[in-house]
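Commentary on secondary and tertiary structure
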Amino acid sequence: MTIPTYAPPIVVITHENEVPLWSVEDVTAWVNRAGFQEYAPAFLECGVDGDMLLQLTDDEIKDDIGINNGILRKRFIRELKDLKKNADYTSCDGGLTANFLNRISSDFKVYAYNLILKELTVDFMKRLNATDLEDMLKDSGVESSIHRHRIIEAVLNPDDDSLTDSMFSEPTFDVYLSYPKCGGAELASLIKIQLEMRDLTVLSDAHDSIGVNESVLSQIKDSRYFVLVMPPGALDSCLEDTTGSDRLHTEIVAALSCDTKIIPVTADFQWPAPEELPEDIRAVAYFNGVRWVHDYQDACIDKLEKFIRGETFLRVDSPYSNSRAGTGRSRGDSGRSTPSISSPLIMHRYLRNRTVSIDSAIGSQST
């Protein structure tokens, strides 16, 4: 009788956006996805891994990889810059350099890897004078004098409000997705997958726990849009929350307080009267949103994507928007909502956040 032997399971480790850890095969796969299949063999032949990819220069792309066409090379460099901005540098220095640069602007993350390789840590840069720092930044590939100036300013003036005030910083993510604990998880998961397939960055946190930690509040602040999934009874937990401990209630308050644009996605949801809502989230009733129609989910996602990208001018859905009245609309009105809030301060805040709305997933464009 032979005793069967069992091979140990094969564990596949994926690095996803940790580009510095990418293998040659990972790089080749990215080149193919980026639409430069013709040049994938050159990357393979040259043995370009993630570390080398992040360091490629224009001359190397032209002479070694063989992208001689100037327009194609510009397209490739654009794709490479986008990759650098979205890369995860945690494996290098815990992400400290990238996070610092991102506070200035997400566009500055393209310099993160070069600064890490040159050992230009934030602490080290703080010990340099402006002249020396200028020279070292230039040596590290920060060719734009304006960008060097902004980095130097951020290093030498770390308490500058412009780096911490959300009004002056560019959000890192496209969407934070929120939903009630009961009944919203399935639709939220579907929306998240569909938006990510359309190259939008979507954050969400498990809603089966109690309370919200600081990292979640930071994610909400760092997102351009707060998509609020609203099945029937979505706000019931907020209506019953007398201690301020309800998770959904806390997330909505956070989105309102940091002026993140809110897009309610309602699925058979009936809005309560605004006065029935807790005062600190009452303004959510004045945002226009997308009405979800299950039989037309592709159309719903199309409309939501256009909403997020600011590409659409459609009819409104919020029952409490002044613009709801009347069936005819002019192009000049454009379907943008004006919240009916008496306080001039709150009115000013939400006029800045006024958003395009959608009456239904198959609603026609306003004319």
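The structure under discussion appears in the preceding block.
First things first, this report covers the structure right here in the doc. (Residues numbered from 1 in each chain as written. Predicted model: local features only at pLDDT ≥ 70, side-chain atom pairs only at ≥ 80, totals over all residues. Heavy atoms only, no water.)

Moving on: the overall build of the chain. If you tally the helices and strands in the chain, you get 17 helices and five strands. Counting only residues that meet the buried cut, the chain has 43% of its 367 residues in that class. Restricting the contact set of the chain to residue pairs at least 6 apart, pairs at least 24 apart contribute 69%. Split by element, the accessible area of the chain, about 19700 Å² in all, is 49% carbon and sulfur. (Helix = DSSP H or I, 4+ residues; strand = E, 2+ residues; numbered from the N terminus. Buried < 20%, exposed > 50% of the residue type's maximum accessible area, 1.4 Å probe, protein only. Contact = heavy atoms within 4.5 Å. Areas by Shrake-Rupley, 256 points an atom, 1.4 Å probe, with all protein chains shown as cover.)

We now examine the packing of helix α13 (residues 214-221) against helix α15 (residues 247-257). Contact pair α13 / α15: the axes reach a minimum separation of 9 Å and the direction vectors enclose 40°. One finds that α13 runs oblique with respect to α15. The two elements α13 and α15 meet at a crossing, and its hand is right-handed. Judged by residue contacts, Val-216, Leu-217 and Ile-220 of α13 engage Arg-247, Thr-250, Glu-251, Ala-254 and Ala-255 from α15. Grouping the amino acids of the contact of α13 with α15 by side-chain chemistry returns five nonpolar, one polar and two charged. (Axes fitted to C-alpha atoms, helices over the stretch in contact; angles between N-to-C directions. Parallel < 35°, antiparallel > 145°, perpendicular 65-115°, else oblique. Left-handed = near helix turned anticlockwise from the far one by under 90°. Nonpolar A, V, L, I, M, F, W, Y, C, P; charged D, E, K, R; others polar.)

Looking at the secondary structure, you find Asp-246 in the loop between α14 (236-239) and α15. What makes Asp-246 buried here is its relative accessible area of 17%. For Asp-246, the side chain forms a polar contact with the main-chain nitrogen of Leu-248, separated by 3.3 Å. (Polar contact = N/O pair within 3.5 Å; in protein donor to acceptor, adjacent residues only side chain to side chain.)

Let us look at the packing of helix α7 (residues 96-104) against helix α11 (residues 145-156). Relative placement of two packed helices is described by the angle separating their axes and the distance separating the axes. Contact pair α7 / α11: the axes reach a minimum separation of 10 Å and the direction vectors enclose 110°. Comparing the axis directions of α7 and α11 gives the class roughly perpendicular. Of α11, the residues touching α7 (which contributes Phe-100, Leu-101 and Ile-104) are Arg-150, Ile-151, Ala-154 and Val-155. Residues of the contact of α7 with α11, tallied by class, amount to six nonpolar, no polar and one charged.

Glancing now at the pattern of salt bridges. Under the definition given, this model contains eleven salt bridges. Measuring nitrogen to oxygen at the nearest pair gives 3.8 Å for the salt bridge that ties Lys-85 to Asp-82. Here Asp-82 and Lys-85 lie together in helix α5 (residues 70-86), a separation of three residues that amounts to about one turn. Under the relative-accessibility criterion, Lys-85 is labelled partly exposed at 24%. (Salt bridge = Lys/Arg side-chain N within 4 Å of Asp/Glu carboxyl O.)

Along an α-helix, a turn takes 3.6 residues, which lines up residues three or four apart on a common side. Over its 13 residues, helix α12 (residues 185-197) extends 18 Å from the first C-alpha to the last, a length consistent with the 18 Å expected when each residue adds 1.5 Å. All of the buried residues along α12 are Leu-187, Ala-188, Ile-191, Gln-194 and Leu-195. Looking straight down α12, one finds its buried side chains confined to an arc of 135°; they lie on one side. Summarising the geometry of α12, the exposed residues directed more than 90 degrees from the buried face are Glu-186 and Met-197. (Expected span 1.5 Å × (residues − 1). Arc of directions from axis to C-beta.)

To continue, consider the sheet that holds strand β3 (residues 223-230). Across the sheet, which stays open at both edges, the five strands sit in the order β2-β1-β3-β4-β5 with parallel pairing between neighbours. The outermost strands of the open sheet, each flanked by one partner alone, are β2 (202-203) and β5 (290-291). Examined bridge by bridge, strand β1 (residues 173-178) and β2 share two bridges and lie parallel to one another. Bridge pairing in β2 links Tyr-176 to Leu-203. Strands in contact with α13 are β1, β2 and β3; relative to β3, the strand with the most contacts, it is inclined by about 110°. (Pairing = 2+ DSSP bridges.)

The next subject is the packing of aromatic side chains. The final tally for this structure, using the stated rule, is seven aromatic pairs. Ring geometry for Trp-30 against Phe-76: centres 5.8 Å apart, planes inclined by 70°, an arrangement best described as edge-to-face. Placement of Trp-30 in helix α1 (residues 24-33) and of Phe-76 in helix α5 is noted, with a sequence separation of 46 residues between them. Given the relative accessible area of 0%, Phe-76 is considered buried. Aromatic side chains Tyr-89 and Tyr-113 sit 6.3 Å apart centroid to centroid with 25° between the ring planes, which places their arrangement in the stacked category. Within this pair, whereas Tyr-89 is found in the loop between α5 and α6 (90-93), its partner Tyr-113 is found in helix α8 (residues 112-117), the two being separated by 24 residues in sequence. Take Tyr-89 and Tyr-113: they sit in the same class, and that class is buried. By way of ring pairs, the aromatic residues Trp-30, Phe-36, Phe-43 and Phe-76 are connected into one cluster. (Phe/Tyr/Trp six-rings, centres within 6.5 Å; stacked < 30°, edge-to-face > 60°.)

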